[in-house]
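Listed below are the residues making up each chain.
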Amino acid sequence: MAVDVLTFGCRLNAYESEIIKRQADEAGLGALEGGAVVVNTCAVTAEAVRQARQAIRRAKRENPGARVIVTGCAAQTEPASFDAMDEVDLVLGNQEKLESHHYRALPDFGVNDTETVRVNDIMSVRETAAHMVHSIEGRVRAFVQVQNGCDHRCTFCIIPFGRGNSRSVPMGAVVDQVRQIVENGYAEAVLTGVDLTSYGGDLPGSPRLGRLVRTILREVPELQRLRLSSIDSIEADADLMRALAEEERLMPYLHLSLQHGDDMILKRMKRRHSRDHSIGFCREVLRLRPDAVFGADIIAGFPTETETMFENSLRIVEECRLTHLHVFPFSPREGTPAARMPQLPRVVVKERAARLRKAGSGAYRAHLERFTGTRQRLLVEHGGIGRTEGFTPAVTGKARPGRIIEAAITGHDGKRLIAAVQEQEAA
């Protein structure tokens, strides 16, 4: 039987789930009677943890004979709570999940059935191995892990305790992996990490993300598109800005870890940027790359947030020209400083999140309207959808997934662009 991997959370987790499949198969989990389910959890919010628990119970209910293994950030930060679940046979930490021999801790392989948790001190991990992932099932763009962990301690965030301190994959190994995925037919690579723009600080010579980007584009000329996952604008280096201005193959979509639009709340979050920096950064990017598109993570209802502070977040949607908004109602995570701050009533948090989402929806609709009558290059995904260079979805009909096509945009349906795909492009 195959090993079933359930993935929650970020692009890095999706990437690591491919490694998990390979390591679990190598360990022999696929040969177990009843099979195995590995749940790769996320800890970014309490809701993410709740959803993982639901998935664990559902997986066991649907396949009572399967071994259930829980791993990922939530398993790393609260292993005992998952070990206490009747449905769970083994809990593995974020480092252990990437090594095949840990999956053989199950009693099926002759190991004492009292050992049900293998979770090390993630802060002791000093390197990130360059695991080669040649493809990601069901996806037309390939994720490439270049960094893991985070050295910062934002007051709301539990993730550093799930991922450890920042560590980078050497540039040569990254280039080799990008070259391999291009040989395997991928047109687009996405660089991923927990704190992507901190890349290189632990490597000899301290190369920055901009140098990595330019090196990839120079050394792998066959790569058609290079995309970045979420970045922290305060860490954007001069080489990265030059690459945005000069490298057409570097996609003009930046997802920013803004978190808020008010200076006092940013200080209480222990963020390193200010409101003015965020606005100035977006204006500079647009000067260098007029077709740039911005997404952002923003938290609504952070402890002590007043109505005036919240309105600063509302205004920054327009001031930074944000069009792809990820809004998070503040959710206290046990063990973080923000959980000990004075909390807002949940009804206020939810109401402010709804207002932020409404502002984001309006900005996104205006963004869609700007495309009508233009021609766009689209990377075709599964399900009749493509993505522009700025990551805006477009209906492409029966065009073949994995191809980059050029199409006229005739309008939108409020969520996606409508592309007129010529027959020869669809073939």
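Scroll up to find the structure this text is about.
The paragraphs below set out a description of the structure included in this document. What you see is a predicted model; the values in this text were computed from it and never measured. (Residues numbered from 1 in each chain as written. Predicted model: local features only at pLDDT ≥ 70, side-chain atom pairs only at ≥ 80, totals over all residues. Heavy atoms only, no water.)

## So, the nonpolar core
Of all hydrophobic cores here, the largest spans 53 residues; its most connected members are L191, V213 and L322. Residue contributions to this core peak at six residues, all from helix α6 (residues 171-183). The contacts of V213, once residues within four sequence positions are left out, are L191, L226, L228, L240, A243 and L250. (Core = buried A, V, L, I, M, F, W, Y, C linked by side-chain atoms within 4.5 Å. Buried < 20%, exposed > 50% of the residue type's maximum accessible area, 1.4 Å probe, protein only. Helix = DSSP H or I, 4+ residues; strand = E, 2+ residues; numbered from the N terminus. Contact = heavy atoms within 4.5 Å.)

## Quick look at the sheet that holds strand β10 (residues 225-228)
With respect to topology, three strands assemble into an open sheet ordered β6-β9-β10, the strand pairing being parallel. Two strands lie at the open edges of the sheet, namely β6 (141-145) and β10, each paired on one side alone. Direction aside, neighbouring strands of the sheet carry axes that sit 25° apart on average. As paired elements, β6 and strand β9 (residues 188-192) share five bridges and run parallel to each other. Bridging across to β9, Q145 finds its partner in T192. Packing against the sheet, helix α1 (residues 11-27) makes contact with β6 and β9, and its axis sits at approximately 95° to β6. Of the strands in this sheet, β6 and β9 touch α6, which is tilted by about 165° from β6. (Pairing = 2+ DSSP bridges. Axes fitted to C-alpha atoms, helices over the stretch in contact; angles between N-to-C directions.)

## As for the side chain of K97
Inspection of the secondary structure assignment puts K97 in the loop between β4 (90-92) and β5 (117-118). A distance of 3.5 Å separates the side chain of K97 from the side chain of N13, its partner in a polar contact. Separated by 3.0 Å, the side chains of K97 and N40 make a polar contact. Here K97 is in contact with N13, E16, I20, Q23, N40, T71, G72, L92, Y103 and R163, once residues within four sequence places are set aside. (Polar contact = N/O pair within 3.5 Å; in protein donor to acceptor, adjacent residues only side chain to side chain.)

## A word on the pairing of β10
Looking along a regular strand, one sees the side chains alternate between the two faces of the sheet. A two-sided burial pattern is seen for β10, the buried positions comprising R225 and R227 on one face and L226 and L228 on the other. In the sheet, β9 pairs with β10 via four bridges, with the strands oriented parallel. Note that in β10 the partner of E188 across the bridge is R225. Taking the sense of rotation as the criterion, the β-α-β connection linking β9, helix α7 (residues 209-219) and β10 turns out right-handed. (Right-handed = clockwise from strand over helix to strand, strands pointing away.)

## Here's the deal with helix α12 (residues 346-369)
For α12, built from 24 residues, the straight-helix expectation of 34 Å at 1.5 Å per residue is met to within 8% by its first-to-last C-alpha distance of 35 Å. Every buried residue of α12 is accounted for by V349, R352, A353, L356, G360, Y364, H367 and L368. (Expected span 1.5 Å × (residues − 1).)

## What about the packing of helix α11 (residues 307-319) against α12?
Where α11 contacts α12, the axes come no closer than 9 Å and their chain directions differ by 20°. One element, α11, and the other, α12, form an angle in the roughly parallel class. Remark: the crossing between α11 and α12 carries right-handed chirality. Residues E307, F310, S313, L314 and V317 of α11 form the contact with α12, whose participating residues are R352, R355, L356, A359 and A363. (Parallel < 35°, antiparallel > 145°, perpendicular 65-115°, else oblique. Left-handed = near helix turned anticlockwise from the far one by under 90°.)

## Quick notes on the pattern of salt bridges
Per the stated rule, a full pass over the model turns up 32 salt bridges. Taking the shortest distance from any N to any O, the salt bridge between E188 and R141 comes out at 2.6 Å. Here R141 lies in strand β6 and E188 lies in strand β9, a separation of 47 residues in the sequence. Residues E188 and R141 agree in their burial class; the two are buried. (Salt bridge = Lys/Arg side-chain N within 4 Å of Asp/Glu carboxyl O.)

## As for the packing of α6 against α7
Relative orientation of the contacting elements α6 and α7 amounts to 45°, with a least axis distance of 10 Å. By the angle class used here, α6 and α7 are oblique. Where α6 crosses over α7, the handedness of that crossing is right-handed. Listed contacts from α7 to M171, V174, V175, V178 and R179 of α6 are R211, L212, T215, I216 and E219. Counted by class, the contact of α6 with α7 contains six nonpolar, one polar and three charged residues. (Nonpolar A, V, L, I, M, F, W, Y, C, P; charged D, E, K, R; others polar.)

## Some thoughts on the packing of aromatic side chains
Tallied over the entire structure, the rule returns two aromatic pairs. Summarising the aromatic geometry, the rings of Y253 and F391 are spaced 5.5 Å apart at their centres and angled 25° between planes, so their arrangement reads as stacked. With Y253 in strand β11 (residues 253-259) and F391 in the loop between β15 (385-387) and β16 (393-395), this pair connects stretches of sequence that are 138 residues apart. Judged by its relative accessible area of 6%, Y253 is buried. Between F302 and F330 the ring centres are 5.3 Å apart and the planes differ by 75°, which places this aromatic pair in the edge-to-face class. (Phe/Tyr/Trp six-rings, centres within 6.5 Å; stacked < 30°, edge-to-face > 60°.)

## Observations regarding the state of the cysteines
Scanning all chains against the criterion turns up zero disulfides. Cysteine C157 is unpaired, with the sulfur of C154 as its nearest cysteine sulfur at 6.2 Å. (Disulfide = S-S within 2.5 Å.)

## A few points about the sheet that holds β4
Overall, parallel pairing links the five strands, which are arranged β1-β2-β3-β4-β5 in an open sheet. Among the strands making up the open sheet, the edge pair consists of β1 (3-7) and β5. Examined bridge by bridge, β4 and β5 share two bridges and lie parallel to one another. Each residue of the ladder has a partner; that of V91, found in β5, is V117. Contacts from α1 reach β1, β2 (36-41) and β3 (67-72), with the element oriented near 160° to β1.

## Let's talk about unusual backbone geometry
The phi torsion at K270 lies on the positive side, around 65°, for a residue other than glycine. Along the chain, K270 falls in the loop between α9 (263-269) and α10 (275-288). At T304, a residue that is not glycine, the phi angle is positive and equals roughly 75°. Judged by relative accessible area, which is 24%, T304 ranks as partly exposed.

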